[in-house]
Amino acid sequence: VQHPLLEDRESPSKAGILVMTSDRGLAGAYNANVLKIAEGLFRDLRGRGLEPVMYAVGKKGIGYFRFRGVSMRKSWQGFSEVPPYEEAQRIGRTLIKDFADEEIDELHAAYTDFRSAFTLRATAKRFLPIAPEEVTGTGLGIVHPEYLFEPEPDEILDHLLPQYVVTKVYAALLESAASENAARRRAMK
């Protein structure tokens with residue numbers, strides 16, 4: 001499978017970090033945990049010799065990085081509690097464009113993964129380049145039927161892979177929103 005969103009660059013120099021925090025406080029350690037993961041990711045990327053490029057979602061993350069003098073390539077705010085799909089599209093398209101224009105060679109996201117109302121886990125995941133295993137699947141011993149693609153597979157990938165990245169961003173926004181509400185409920189109790 002060949003596509004620009006799947007290609008690992010030979011000598012990466014810049015890595016994007018998308019940090020998803022809330023717009024409001026009163027949620028206990030919710031924002032602090034995400035920012036701690038983001039700082040660790042920042043150090044790891046610097047240790048690999050990559051220049052971090054920051055992208056922030058949520059007023060708390062924007063304020064945190066602005067106070068520390070970290071420049072942000074792009075920031076978004078005002079929708080952390082109920083993220084609309086259109087915002088995920090705007091964010092995803094910006095990230096894809098920066099990756100395609102080689103402004104960044106990798107993209108990592110720091111957000112909170114919602115497991116249950118009592119289990120919230122701040123996590124970091126690589127979003128770009130897309131791992132080939134995510135696209136091809138890993139079915140062992142399964143006989144796949146032959147498919148005829150119309151239009152060509154390249155055209156299909158040109159449409160589906162950007163949509164896949166936008167969907168990953170939207171899923172992370174939804175996980176973060178659910179985690180934020182659960183953390184706020186627990187903190188306010």
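My aim in this report is to walk through the structure given alongside it, one point at a time.

Rules and cut-offs
Residues numbered from 1 in each chain as written. Predicted model: local features only at pLDDT ≥ 70, side-chain atom pairs only at ≥ 80, totals over all residues. Heavy atoms only, no water. Buried < 20%, exposed > 50% of the residue type's maximum accessible area, 1.4 Å probe, protein only. Helix = DSSP H or I, 4+ residues; strand = E, 2+ residues; numbered from the N terminus. Pairing = 2+ DSSP bridges. Right-handed = clockwise from strand over helix to strand, strands pointing away. Phe/Tyr/Trp six-rings, centres within 6.5 Å; stacked < 30°, edge-to-face > 60°. Lys NZ or Arg CZ within 6 Å of the ring centre and 35° of its normal.

Focus: the pairing of strand β2 (residues 51-57)
Burial within β2 is extensive, with six of its seven residues counted as buried. By the bridge criterion, seven bridges tie strand β1 (residues 14-20) to β2 in an arrangement that is parallel. Counted as the bridge partner of Val19 is Ala56 from β2. Taking the sense of rotation as the criterion, the β-α-β connection linking β1, helix α1 (residues 30-47) and β2 turns out right-handed. Across four bridges, the pairing between β2 and strand β3 (residues 72-76) is parallel. Each residue of the ladder has a partner; that of Val57, found in β3, is Trp76. Between the parallel elements β2 and β3, the chain passes through helix α2 (residues 59-67) in a crossover that is right-handed.

Some thoughts on the packing of aromatic side chains
Per the counting criterion, the structure on display carries four aromatic pairs. With centroids separated by 5.1 Å and ring planes inclined at 85 degrees, the aromatic side chains of Tyr64 and Phe65 adopt a geometry described as edge-to-face. What makes Tyr64 buried here is its relative accessible area of 18%. Their ring planes at 90 degrees and their centres at 5.1 Å tell us that Tyr85 and Tyr170 sit as a pair that is edge-to-face. With a gap of 85 residues between them, Tyr85 in helix α3 (residues 85-100) and Tyr170 in helix α5 (residues 153-188) connect regions that are remote in the sequence. On the basis of relative accessibility, which here comes to 22%, the residue Tyr170 falls in the partly exposed class. In this structure, Arg9 is placed above the aromatic ring of Phe99, and the distance from its NZ or CZ to the ring centre is 4.1 Å.

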